[in-house]
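Coordinates in review
The residues making up each chain are set out below.
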Amino acid sequence: MTFKIAIIGAGSVGFTKKLCSDILKVPEFAGIEIALTDINAHNLEMVEQIISRIVKVNNLPTRVTATTDRREALKDARYIMNVVRIGGLEAFADDIRIPLKYGVDQCVGDTICAGGIMYAQRGIVAMLEFCKDIREVSEPGALLLNYANPMAMMTWAAIDHGGVNTVGLCHGVQNGHRQIARALGVPMEEVDVICSGINHQTWYLDIRHNGRKVSKDEVLAAFERHPAFSKQEKVRIDVLKRFGFYSTESNGHLSEYLPWYRKRPEEIQNWISMDDWIHGETGGYLRYTTENRNWFETDFPVFLEEAGKPLSDYERTDEHASHILEALETGRTYRGHFNVKNGCVIKNLPADCIIESPGFVDRFGINMVEGVTLPDACAATCNVSVSVQRMGMKAAIAGNVELLKQAVLHDPLVGAICTPDEVWQMVDELLVAQAQWLPQYAHAIPAAIERLKTPKVKTRDWAGAARLEVRSVEELRAAGTKKKAAEGHGLGTKVMG
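Note that the structure is a prediction, hence the values are computed from the model and not measured.

So, about the nonpolar core. With 102 residues, the main nonpolar core has L145 and I324 as its most contacted residues. Ranked by size, the runner-up nonpolar core spans 30 residues in total, among them I117, V401, V423 and V457.

Burial analysis of strand β10 (residues 334–341) places 6 of its 8 residues in the buried class, which makes it a mostly covered element. Here β10 pairs with strand β11 (residues 354–362) via 8 bridges, running antiparallel. Among the inter-strand pairings, Y334 is bridged to a residue of β11, identified as V361.

Note on placement: R264 falls in the loop between α11 (251–255) and α12 (265–271). Residue classification places R264 among the partly exposed residues on the basis of a relative accessible area of 41%. With 201 residues separating them along the chain, R264 and A465 place their C-alpha atoms 9.2 Å apart.

The next point concerns the pattern of salt bridges. Using the criterion set out here, one finds 31 salt bridges in the structure. Close ionic contact of E329 with R78 constitutes a salt bridge, the shortest N to O distance being 3.0 Å. On the criterion of sequence distance, the pair formed by E329 in helix α15 (residues 320–330) and R78 in the loop between α3 (70–74) and β4 (79–82) is long-range, its members being 251 residues apart. Judged by its relative accessible area of 12%, E329 falls in the buried class. The residue R471 makes a salt bridge to E291 at a minimum N-O spacing of 2.9 Å. Residue R471 is found in the loop between α20 (445–453) and α21 (473–479), and its partner E291 is found in helix α13 (residues 284–298); the two are separated by 180 residues along the sequence. Take E291: its relative accessible area is 3%, and that puts it in the buried class. Each of R70, R71, K132, D133 and E136 takes part in a single network of salt bridges with overlapping partners.

Reading the values: rules and limits
Residues numbered from 1 in each chain as written. Predicted model: local features only at pLDDT ≥ 70, side-chain atom pairs only at ≥ 80, totals over all residues. Heavy atoms only, no water. Core = buried A, V, L, I, M, F, W, Y, C linked by side-chain atoms within 4.5 Å. Buried < 20%, exposed > 50% of the residue type's maximum accessible area, 1.4 Å probe, protein only. Helix = DSSP H or I, 4+ residues; strand = E, 2+ residues; numbered from the N terminus. Pairing = 2+ DSSP bridges. Salt bridge = Lys/Arg side-chain N within 4 Å of Asp/Glu carboxyl O.

Next up, the structure:
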């Protein structure tokens, strides 16, 4: 069969390589076209060489193209994958740095909290441009597979305002599924899970080992006795104790979505682990992605050499994209957890929001399992975040400064730390610092600059409660972390596009 896949933000070298390798493991997809596009010509050239090498080594008829002209890449595409980070690491650094001046200590900052909300303001503008191009030049009915964060707000904007058939994809459920199996000491293939909620706040509602339901007490005991997880996942374990359900998200991620664990600097260390960024380090994902980018810059020949290995030696991953495409094109049914418009899927979350819940894919499309009711505590936590997401998405669409500030004000962690005056001033700082990526706020930037000349609140130069320095390539080599940097960890390397 022949069809075209376009990847926007393909300069996310490691993640693009993974997605393409997975796709090329499907025998029926050998004759497709993969069109790579990115605004970064340098990264685009690197990833084109890598994917072309995979195709050549495996004697595949696959056509690989690369262009900085997005519309050219999208022309006649049946499937589009979005893996961009608008503003790159420069804007990401502001998402972490400026909130720290007001006492807001984030580990990742890409979903909600101050960083995630600003990330949406940059990303949604671009998302609507992508959708316009897809409507105009892609294959009619083309499917957009969105991997870009903040997942819920980006997917929400694409569906409600972009007019494009969109599904949001994340690997948090799979990673947590894998971790639960390790904690229980059994193979992952023996464990089945049902998760439901919203992206990055999805809950394991049912866990089965070889068909037997695993109780909350068993899960809790497994994590508390595990030599690593008991130290690395203190927030997740505490929430499991109090809510009765385990969260999909890493310790660092979960800690910044809730108002209780990062509100007092002197207590943050009690809830995190510094053995890896994903467990709660201040600005941990920013440090990780910066180091990862440096690897690609200096060790590209190594990655190109690795691309020369035969696909027969490559194990297809559990990233959803290739499995969804395989199910749609061949009819082989695939079960996964997908980010879609709620409707009637989760009964105690708003119908208009974006949820993450189980579904099945076949030739008829993505079919969600309806009628889920979240436990009250899980629903309460999700509903707070949904309100923030809704305001943040609407603000990005309209360029509404007041609504943007209200979204940040209602964020659980920001609200636990900041006064209203601090929120208003912090958002002004973020708008001014990131003005080049926020065209919808151009009308508001001059006034924000004027307000900052006579600040109402004092700020401080604070690195955070648990900040580590970015390591050089030489330091990474010495630490023996090259393999980890190349393969990605936790959230992967998709933010680098």
